[in-house]
Protein chains: 4
Amino acid sequence: MDAPSPSKASPPRRPSGERDPERTRATILAAAMEEFTAHGLNGARVDEIAKRSGVNKRMIYYYFGDKSGVYLAVLEEIYADIRNAEIRLHLADRDPVDAMRELVAFTWNYFIEHPEFLSLLGTENLHRARHLKTSKKIRELHSPLVGIITILLERGVKAKVFREGVDPVQLYIDIASLGFFYMSNRFTLSTIFGRDLGRPEALGERGSHIEEVVLGYLRP
Amino acid sequence: MDAPSPSKASPPRRPSGERDPERTRATILAAAMEEFTAHGLNGARVDEIAKRSGVNKRMIYYYFGDKSGVYLAVLEEIYADIRNAEIRLHLADRDPVDAMRELVAFTWNYFIEHPEFLSLLGTENLHRARHLKTSKKIRELHSPLVGIITILLERGVKAKVFREGVDPVQLYIDIASLGFFYMSNRFTLSTIFGRDLGRPEALGERGSHIEEVVLGYLRP
Amino acid sequence: MDAPSPSKASPPRRPSGERDPERTRATILAAAMEEFTAHGLNGARVDEIAKRSGVNKRMIYYYFGDKSGVYLAVLEEIYADIRNAEIRLHLADRDPVDAMRELVAFTWNYFIEHPEFLSLLGTENLHRARHLKTSKKIRELHSPLVGIITILLERGVKAKVFREGVDPVQLYIDIASLGFFYMSNRFTLSTIFGRDLGRPEALGERGSHIEEVVLGYLRP
Amino acid sequence: MDAPSPSKASPPRRPSGERDPERTRATILAAAMEEFTAHGLNGARVDEIAKRSGVNKRMIYYYFGDKSGVYLAVLEEIYADIRNAEIRLHLADRDPVDAMRELVAFTWNYFIEHPEFLSLLGTENLHRARHLKTSKKIRELHSPLVGIITILLERGVKAKVFREGVDPVQLYIDIASLGFFYMSNRFTLSTIFGRDLGRPEALGERGSHIEEVVLGYLRP
DNA sequence: TATGAATGAGGGTTCATTCAT
DNA sequence: CATGAATGAACCCTCATTCAT
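What you see as residue numbers is a count from 1 along each chain, following the sequence as written. Chain letters and ligand numbers both follow the written order, the letters beginning at A and the numbers at 1. Side-chain atom pairs in this predicted model are given and counted only at pLDDT of 80 or more, local residue features only at pLDDT of at least 70, and totals for whole chains, interfaces and linings cover all residues.

### So, the overall build of chain A
Scanning chain A for helices and strands turns up twelve helices and zero strands. The secondary structure listing takes helices from DSSP runs of H or I that are at least 4 residues long and strands from runs of E that are at least 2 residues long, numbered from the N terminus. Tracing chain A from N to C terminus, the helices and strands come up as α-α-α-α-α-α-α-α-α-α-α-α. C-alpha extents for chain A along the principal axes are approximately 65 × 45 × 30 Å. Long-range contacts, defined here as pairs at least 24 residues apart, represent 68% of the contacts in chain A between residues at least 6 apart. Contact definition: two residues whose C-beta atoms, as placed from backbone geometry, lie within 7 Å.

In structure tokens, the structure reads:
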């Protein structure tokens, strides 16, 4: 009934004796992320999170209140992670075409390297974003990308390298869509099409293809 | 812990007295589809499926063996449904550009009208297609769509309305991606962007946008 | 949870079309005997009896009322079978020592060849003979052996080949005990002693041993 | 369908407040022994074990994993109990005839006082020792009894009070057989013979008889 | 802070039995 | 006589959560 856990979590922490709240919290969170990624919200087991993290189950309740609390903390973390990574790109100052190309590549690579992000997004949408809506932190994490894309588009139009009238939100969703669906649904797609879409070459081809679609669309 | 059920299922069948196995099976399946759509595999409750369908719980096991059996039957049905609908489009005989436009529109509309398809695909991918892989029927449903797209692309190239070198599988995934991600993740996206992506106008705009992206990519 | 079924029952009867109540009843009974032997009363499944006998489950209730009814019918049959076999021995007229030897051999061989008898006796005693007590047929099946043993003992004493004062009931129980426990408990005994007590040679040795014990006890 | 429970178990433990894992485990085990004794493996109810022991049902799974786990623990306990009792007899040092007489008496009395031992052995053999085979503890309980009997036989032969060539395993099985079958099957036997074999006098007579048979067999 | 033990509400599944044809 | 479909009561087991230390 449960999806298999792809990999064992971080090694159980040192026996005890040490009292490091920050570390304990982080350890729980890391284990929880794996568990929720592998099994979704309903399929995840609090016992398993405790076992994986090597922390007493009671501690999970101590730090996060209840299962939903852990789940929400995980959600907030993955959003914070990707936003931080986006900021580190410093795209706004660069050549529009180069910057756009890099944004597409970054997004695609991020999805490849962070399957937990895809899985948890799917899970949260199954629940109609019920948890995310209650988060205060999320509101503060406004994706800076739409703003950056807007700037890039304007500069590209001026430089006559981009067409006019492109909606930055639609474009952002395009970039995410073309990677998300492929990665997130690669299991059923591979089954249906009878070929393994997860192979490294296949991933490379898809990356090039996405770039072609997006930049083709932007061309004046 | 569970997502709310968006709508009540088909009305409970008449009390009894009638013996219609085919109907009983179909009724169970319809209720199960709603339940799995709303709550995923782990979150779905067999009791709830029984209650919704007005059928004795035991019958679910009589017809489908176990919970996974019902789930797989649901999966097979939604795949059969979309494939049948695709076939009914009779795209192969038509003008390449028109046909492609219709395929894009059909896919987008199908996603809008069949949220269960999106949800169930997400659920099955969370489980890494474990159930779908065991299905024999799925293999037979081998989408002829790739074949049709291939034909359309060839004819479009000959007629100089499509560019050369387009991979039909990538194209099919593009068409699905651009709609799937938007619809499937509209809850978190709406939360993040602070605007409701599910409004009818928004859906219409997205549909036009997808058509533009796909046909723009195909142009020679 | 269930003990394995040692052998497949009689082949499923011809599809249908034929209506042979006597045969149907016998077929059900044969399948039930295997099922109760293999799994006890609680472990036996009515569905399995139906499947093994190739008969519709409803027929079992038609012929035997309920599960207990089938079970009791099985009990009555195995008792009738062994009593009939005992009668066919015609021991009363023969030489006392020979007759006694044959009785011992017969009993031992019967246990070997009829494991269902051992298993069902164990099952019925777990239930404190609750079902057997309600049987009217059983009362009429008084074992003739005690009477025969009494006669043999008297003639043996007169002929100075048997000692005096032997209680025929105790002797009968001795003969049965020495074989029953070995056969019935050979699984745990083999495990405890670390050797297979069910091997043909082991069975032969035990048979000789029992004869030695019983006849040794009878010697004047 | 189930045999009646002959006696109520140990009194439900004090409401709570106390945390005594060892005691909780033992309480569960005691209740389980009664339940499995009365109804066999399939007939026993986990709910009933919980109710009898006054322990939350969940605790049964906490301590023993599942129903089979409790059952195996019970099996191991009854074997350990009888082996320990045997060891306490200190037979090896005593006069061979006396020791043998005591062994016979001990075994017979043990069966009378421990009906659970008989019932559980019957149950486990119905399951072909499937559970016992998986036990590691059982191997270690290797009854030293065979060794002791061997020694007694040797010394008896030297002292010319026992005959030669007696197989200690067969002898041990004889001693057990003559008591086991009588006690274990006394319900059906009483029904068949139309007299109550469980009466105290009857038990006494059987005890004397067994001693006579066994010692008679051993006499040179 | 941290831990092992304990809890109660269900969850999936099975079973003997009966109904409608 | 015979059959497939239907029923409801339990049964084993699981899970998130809390208590006592």
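### What about the protein's contact with DNA strand E?
Throughout this description, a residue near a molecule or strand is one whose C-beta atom, derived from the backbone, lies within 6 Å of it. Among the 39 residues in the neighbourhood of DNA strand E, the closest are listed as Asn56(A), Arg58(A), Lys67(B), Asn56(D) and Arg58(D). Every element with two or more residues in the surface near DNA strand E is listed here: helix H1 (21–43) and helix H3 (57–64) of chain A, helix H2 (46–53) and helix H3 (57–64) of chain B, helix H2 (46–53) and helix H3 (57–64) of chain C together with helix H1 (21–43) and helix H3 (57–64) of chain D. For the surface near DNA strand E, the leading source of residues is H3(D), giving four residues.

### Overview of the interface of chain C and chain D
Between chain C and chain D, the residue contacts involve 43 residues of the former and 40 residues of the latter. Elements represented by at least two residues in the side of chain C that touches chain D include exactly helix H1 (21–43), helix H6 (115–126), helix H9 (168–184), helix H10 (186–193) and helix H11 (200–218) of chain C. With eleven residues, H9(C) is the largest single contributor of residues to the side of chain C that touches chain D.

### Describing unusual backbone geometry
One non-glycine residue, Arg128(A), lies in the positive phi region at around 60 degrees. Structurally, Arg128(A) can be placed in the loop between helix H6 (115–126) and helix H7 (130–133). Positive phi outside glycine occurs at Ala129(C), with the angle close to 60 degrees. Position of Ala129(C) among the secondary structure elements: in the loop between H6 and helix H7 (136–140).

### Focus on the interface of chain B and chain A
Between chain B and chain A, the residue contacts involve 42 residues of the former and 42 residues of the latter. Ranked by the residues each element gives to the side of chain B that touches chain A, the list is headed by helix H10 (residues 168–184) of chain B, at eleven residues. In this count, Pro and Cys sit with the nonpolar residues alongside Ala, Val, Leu, Ile, Met, Phe, Trp and Tyr, while Asp, Glu, Lys and Arg are called charged and the others, Gly among them, polar. Of the residues that constitute the side of chain B that touches chain A, the class distribution is 20 nonpolar, 17 polar and five charged.

### Here's the deal with the protein's contact with DNA strand F
Neighbouring residues of DNA strand F: 39 residues in total, closest Asn56(B), Arg58(B), Pro21(C), Asn56(C) and Arg58(C). Elements with a minimum of two residues in the surface near DNA strand F: helix H2 (46–53) and H3 of chain A, helix H1 (21–43) and H3 of chain B, H1 and H3 of chain C together with helix H2 (46–53) and H3 of chain D. Residue contributions to the surface near DNA strand F peak at four residues, all from H3(B). Class assignment of the residues belonging to the surface near DNA strand F gives a composition of 13 nonpolar, seven polar and 19 charged.

### Describing helix H9 (residues 145–158) of chain A
Residue and element names in this part refer to chain A. With 14 residues, H9 should cover 20 Å at 1.5 Å per step; its first-to-last C-alpha distance of 20 Å lies within 8% of that length. Note on burial: count the other C-beta atoms lying within 10 Å of the residue's C-beta; 20 or more is buried, 12 or fewer is exposed, in between is partly exposed, and C-beta positions come from the backbone. Residues Leu145, Ile148, Ile149, Leu152, Leu153 and Gly156 constitute the buried set of H9. Buried positions in H9, seen along its axis, are confined to an arc of 135 degrees and lie on one side of it. Facing away from the buried side of H9 by more than 90 degrees, the exposed set consists of Gly147 and Lys158. Looking at the buried positions of H9, the neighbouring elements they touch are helix H4 (67–87), helix H5 (96–113) and helix H10 (168–184). Directly after H9, the chain includes Lys160, whose backbone phi takes a positive value near 60 degrees. The span expected for a helix works out to 1.5 Å for each residue beyond the first. Of all possible arcs, the one meant is that of the directions from the helix axis to the C-beta atoms.

### Notes on the relation of the copies chain C and chain D
The atoms used to superpose the copies are C-alpha atoms, taken from residues with pLDDT of at least 70 in both, and the fit is least squares. When chain C is fitted to chain D, the residual RMSD is 0.2 Å, and the transformation amounts to a turn of 180 degrees plus an axial shift of 0.0 Å. On this basis, the relationship between the two copies can be described by a two-fold rotation axis.

### Observations regarding the relation of the copies chain B and chain A
For these two chains of identical sequence, chain B goes onto chain A by a turn of 180 degrees and a shift of 0.0 Å along the axis, with RMSD 0.2 Å. With an isologous cut-off of 70% or more, the 100% of interface residues of chain B that recur at the interface of chain A puts this contact in the isologous class.

### Regarding the packing of H6(C) against helix H6 (residues 115–126) of chain D
It is at 10 Å that the axes of H6(C) and H6(D) come closest, and there the two elements cross at 140 degrees. With respect to their mutual orientation, H6(C) and H6(D) come out oblique. In this structure, H6(C) crosses over H6(D), and the sense of that crossing is left-handed. Facing H6(C), whose interface residues are Ser119(C), Gly122(C), Thr123(C) and Leu126(C), H6(D) presents Ser119(D), Gly122(D), Thr123(D) and Leu126(D). Angular values range over 0 to 180 degrees, each being the angle between N-to-C directions of two axes fitted as lines to C-alpha atoms, with helices fitted over their stretch in contact. An angle below 35 degrees is read as roughly parallel, one above 145 as roughly antiparallel, one from 65 to 115 as roughly perpendicular, and any other as oblique. Note on convention: the crossing is left-handed when the near helix lies turned anticlockwise from the far helix by less than a right angle, right-handed when the turn is clockwise.

### Things to note about the arrangement of the chains
Nowhere do chain A and chain C come into contact; their C-alpha atoms are at least 22 Å apart. Nothing in chain B touches chain C, and the closest approach of their C-alpha atoms is 13 Å.

### Overview of H11(C)
Working note: α-helix, 3.6 residues per turn, so residues spaced by three or four point in the same direction. Its 19 residues give H11(C) an end-to-end C-alpha distance of 27 Å, which sits within 8% of 27 Å, the value for a rise of 1.5 Å per residue. Listed in full, the buried residues belonging to H11(C) are Arg206(C), Gly207(C), His209(C), Ile210(C), Val213(C), Val214(C) and Leu218(C). Elements that come into contact with the buried residues of H11(C) comprise helix H5 (96–113) and H9 of chain C together with helix H10 (168–184) and helix H12 (200–218) of chain D.

### Describing the environment of Ala73(B)
All names here are of chain B. Tracing the backbone through its elements, the reader meets Ala73 in helix H4 (residues 67–87). Owing to 19 C-beta atoms within 10 Å, Ala73 belongs among the partly exposed residues under this scheme. Along the backbone, Ala73 and Ala32 are 41 residues apart, and their C-alpha atoms lie at a distance of 9.4 Å. The contact partners of Ala73, leaving out residues within four places of it in the chain, are Leu29 and Phe64.

### Regarding the nonpolar core
Nonpolar side chains in soluble globular proteins tend to end up buried together. In terms of nonpolar packing, the biggest core is built from 112 residues, with Val74(C) and Val74(D) touching the most fellow members. Those residues within four positions of Val74(C) in sequence are excluded, and the remaining contacts are Leu29(C), Ala32(C), Met33(C), Phe36(C) and Leu120(C). Of all hydrophobic cores here, the second largest spans 111 residues; its members include Ile78(A), Met33(B), Tyr172(B) and Ile173(B). As used throughout, a nonpolar core is a set of buried Ala, Val, Leu, Ile, Met, Phe, Trp, Tyr and Cys residues joined through C-beta atoms within 7 Å of each other.

### So, the packing of H10(D) against H12(D)
Residue and element names in this part refer to chain D. Between H10 and H12, whose axes approach to 10 Å, the crossing angle comes to 155 degrees. Compared by their axis directions, H10 and H12 come out roughly antiparallel. Regarding H10 and H12, the two cross each other, and that crossing is right-handed. Contacts between H10 and H12 involve Asp174, Ile175, Leu178, Gly179 and Tyr182 from the former and Arg206, Ile210, Val213 and Val214 from the latter. Within the contact of H10 with H12, the residues separate by chemical class into six nonpolar, one polar and two charged.

### Things to note about the environment of Ile173(C)
All names here are of chain C. Relative to the elements of secondary structure, Ile173 occurs in helix H9. Judged by local crowding, Ile173 falls into the buried class, with 24 C-beta atoms found within 10 Å. C-alpha of Ile173 to C-alpha of Val146: the two residues are 27 residues apart in sequence and 9.9 Å apart in space.

### Examining the confidence of the model for chain A
Per-residue pLDDT for chain A averages 90, and the proportion of residues at 70 or more is 91%. Looking at any residue, its pLDDT shows the predictor's confidence there, from 0 to 100. When the elements of chain A are averaged for pLDDT, helix H8 (residues 136–140) of chain A gives the smallest value, 84, and H6(A) the largest, 98.

### With respect to the environment of Gly122(D)
Along the polypeptide, Gly122(D) turns up in helix H6. For Gly122(D), a count of 24 C-beta atoms within 10 Å gives the class buried. Sequence-wise, Gly122(D) and Val70(D) are 52 residues apart; in three dimensions their C-alpha atoms are separated by 17 Å. Leaving out residues up to four positions away in the same chain, Gly122(D) has contacts with Gly122(C), Leu126(C) and Ser184(D).

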